[in-house]
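# Observations on chain architecture
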Amino acid sequence: MSPGVAIRPDKGGSFLIEGYFHTIGLPPAEAKRIAEKFAAFFKDSGVLHYTDTEISYTLKMASSNGFDKEKFEKLLKYMLGYMGGVYNDVSEAALEAYKQKLLNQAEQQDRETARAREAARAKGLNEGFSLTLTGDITVIQIMRAFTESYPYLTVSFFLLKDARQADKTKGATAVIPADTPLGKIRTFRGNGTVCIYGKSTPQDIEKEFREKSGLVVKVSLHEKGSKLMSYIAEGKLYKTCIYDLNQLLEGSGDHQRISLP
């Protein structure tokens, strides 16, 4: 907020003395209230002008006999005195307007961030990849292909009896060794293709592998840069899409910090 006094010559040797306040944009009702309060201080007739960023009141010093220094100084003091009457009002209003501007900017930034996040999620849900399964592909190759797209998730392979035991106890059980070729797994029915998308859930993926290839897999939480894994048992996370699961794990930075079913 910047107050000031402007002095400029007028016709016939007269002078115009304008007291003004320049400020950041004020709410229209507040600018009107302060402007009218400013004008009400003056007994001399003048011209009030205001916008959301400027308030001014202009007085005229008529001088038919040339410049009257004493009268000029008196009028200048008169103007400056009445400017002080609304200085605090303008200052407080400008501060509140500034705070509101910052708040609006923060809210706008939040909205833009949310829109960008929603757009990224919509894209991520529909992005996917296909895995062509053949007998000579190993378990670790599939795990790596999965983790390339979802760094905090992977898939674990089980024998059917071990998978049933895992579901029953919701605890750790034997997984098929990572160097095992698919052709060496008894349930593997031969070549096939599975499709995985960001919108796929662990439940969807397990069904996809079982129906397309006979393989029994479970989606596991995978701590990036570690060999630690925690397979997802049936529950809330089991029906959550893998894009959201990966984002959740990325945000926590540790698969132990999210609630498992």
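Look a little higher up for the structure.
What counts, and where the lines are drawn
Residues numbered from 1 in each chain as written. Predicted model: local features only at pLDDT ≥ 70, side-chain atom pairs only at ≥ 80, totals over all residues. Heavy atoms only, no water. Helix = DSSP H or I, 4+ residues; strand = E, 2+ residues; numbered from the N terminus. Buried < 20%, exposed > 50% of the residue type's maximum accessible area, 1.4 Å probe, protein only. Contact = heavy atoms within 4.5 Å. Areas by Shrake-Rupley, 256 points an atom, 1.4 Å probe, with all protein chains shown as cover. Core = buried A, V, L, I, M, F, W, Y, C linked by side-chain atoms within 4.5 Å. Expected span 1.5 Å × (residues − 1). Arc of directions from axis to C-beta. Salt bridge = Lys/Arg side-chain N within 4 Å of Asp/Glu carboxyl O.

Secondary structure assignment for the protein chain yields six helices and nine strands. Taken across its 261 residues, the protein chain has 38% of its residues classed as buried. A separation threshold of at least 6 residues defines the contact pool for the protein chain, and within that pool the share at least 24 residues apart is 65%. For the protein chain, the exposed area adds up to about 15,200 Å²; of that, 51% sits on carbon and sulfur atoms.

So, on to the nonpolar core. Ranked by size, the top nonpolar core spans 31 residues in total, and within it F157, L182 and F209 carry the most contacts. Secondary structure elements with two or more residues in this core: β5 (128–133), α3 (139–149), β6 (153–158), β7 (192–197), α5 (202–213), β8 (216–222) and α6 (242–252). At four residues, α3 tops the list of elements feeding residues into this core. What F209 contacts, discounting residues up to four positions off in sequence, is L131, L133, I142, F157, V194, I196, G214, L215 and V217. Grouped together as the second largest cluster of nonpolar side chains are 21 residues, F21, I34, Y57 and A97 included.

Moving on, we get to α5. With 12 residues, α5 ought to run about 16 Å at 1.5 Å a step, and its terminal C-alpha atoms sit 16 Å apart, in line with that. Looking only at α5, the buried set comprises P202, I205, E206, E208, F209 and S213. Projection of α5 onto a plane perpendicular to its axis shows the buried side chains occupying an angular sector of 160°, all on one side. Residues of α5 that are exposed and point more than 90 degrees away from the buried face comprise K207 and E211. G214 sits one or two positions beyond α5 and adopts a positive phi of about 85°.

Here I55 shows up in strand β4 (residues 54–61). For I55, a relative accessible area of 2% puts it in the buried group. For the pair I55 and Y20, spaced 35 residues apart in sequence, the C-alpha to C-alpha distance is 5.5 Å.

It is worth spelling out the pattern of salt bridges at this point. Applying the stated rule across the entire model yields 11 salt bridges. The partner of D89 in a salt bridge is K37, with the nearest N and O atoms 3.2 Å apart. With D89 in helix α2 (residues 69–126) and K37 in helix α1 (residues 28–40), this pair connects stretches of sequence that are 52 residues apart. The salt bridge partner of K212 is E208, with a shortest N-O separation of 2.9 Å. In this pair, K212 and E208 both sit in helix α5, four residues apart, roughly one turn of the helix.

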